[in-house]
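The chain contents come next:
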Amino acid sequence: RCMHCKSDNPAERGQQATSYPSLISGIYNSVQQMLRLHLDCCLAMPTDVRHKIEALKVSCSSRGGRKQYWIDSAKRLGLVDTPHG
């Protein structure tokens, strides 16, 4: 969920403002989708945050890290896959 527009009317948020991946392995893809589809159009994001994200996009060759990093991090936080998502 986008922390900048989370309290806005859902109809006024840009696409991909909220995502609920059904598997831990889907977190990486959800974050990539948010970066691609939401952050450029989020009207609630402060300008300084937007500039920082743009600078990181240019300077980081890993583009969000390895997918396994996201899986391992989720597991360290205690997240688990269940039959019900």
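Residues numbered from 1 in each chain as written. Predicted model: local features only at pLDDT ≥ 70, side-chain atom pairs only at ≥ 80, totals over all residues. Heavy atoms only, no water.

### Regarding unusual backbone geometry
(1) Moving on: A positive phi angle, close to 65°, is found at Gln16, a residue other than glycine.
(2) Moving on: The residue Gln16 is located in the segment before α1 (27-38) in this model.
(3) Moving on: A relative accessible area of 24% places Gln16 in the partly exposed class. (Helix = DSSP H or I, 4+ residues; strand = E, 2+ residues; numbered from the N terminus. Buried < 20%, exposed > 50% of the residue type's maximum accessible area, 1.4 Å probe, protein only.)

### Looking at the packing of aromatic side chains
(1) Moving on: Here the structure, examined in full by the defined rule, presents two aromatic pairs.
(2) Moving on: Ring geometry for Tyr28 and Trp70: centres 6.5 Å apart, planes at 70°, overall edge-to-face. Of the two residues, Tyr28 is situated in helix α1 and Trp70 in helix α3 (residues 67-76); the sequence distance between them amounts to 42 residues.
(3) Moving on: On the accessibility criterion, Tyr28 (18% relative accessible area) is buried.
(4) Moving on: Trp70 gets classed as partly exposed once you look at its relative accessible area, which sits at 23%.
(5) Moving on: Their ring planes at 90° and their centres at 6.3 Å tell us that Tyr69 and Trp70 sit as a pair that is edge-to-face.
(6) Moving on: Members of the aromatic cluster, each reached through a chain of ring pairs, are Tyr28, Tyr69 and Trp70. (Phe/Tyr/Trp six-rings, centres within 6.5 Å; stacked < 30°, edge-to-face > 60°.)

### Considering the packing of α1 against α3
(1) Moving on: Contact pair α1 / α3: the axes reach a minimum separation of 8 Å and the direction vectors enclose 115°. Residue-level contacts link Ile27, Tyr28, Asn29 and Val31 of α1 to Lys67, Trp70 and Ala74 of α3.
(2) Moving on: For the contact of α1 with α3, the class distribution of residues is five nonpolar, one polar and one charged. (Axes fitted to C-alpha atoms, helices over the stretch in contact; angles between N-to-C directions. Contact = heavy atoms within 4.5 Å. Nonpolar A, V, L, I, M, F, W, Y, C, P; charged D, E, K, R; others polar.)

### Concerning α1
(1) Moving on: Between its terminal C-alpha atoms α1 stretches 15 Å, which fits the 16 Å expected from twelve residues at 1.5 Å a residue.
(2) Moving on: Residues of α1 that are buried include every one of Tyr28, Ser30, Met34 and His38, and no others. Down the axis of α1, the buried set is contained in an arc of 170°. They therefore lie on one face.
(3) Moving on: Of the surrounding elements, those touching the buried residues of α1 are α3. (Expected span 1.5 Å × (residues − 1). Arc of directions from axis to C-beta.)

### What about the environment of Thr47?
(1) Moving on: Along the polypeptide, Thr47 turns up in helix α2 (residues 47-59).
(2) Moving on: Sequence-wise, Thr47 and Ile24 are 23 residues apart; in three dimensions their C-alpha atoms are separated by 31 Å.

### A few points about the nonpolar core
(1) Moving on: Among the nonpolar cores identified, the biggest contains eight residues, and these are Cys2, Cys5, Ala17, Met34, Leu39, Cys42, Met45 and Ile53.
(2) Moving on: For Cys2, the contacting residues outside a window of four places in its chain are Ala17, Met34, His38 and Cys42. (Core = buried A, V, L, I, M, F, W, Y, C linked by side-chain atoms within 4.5 Å.)

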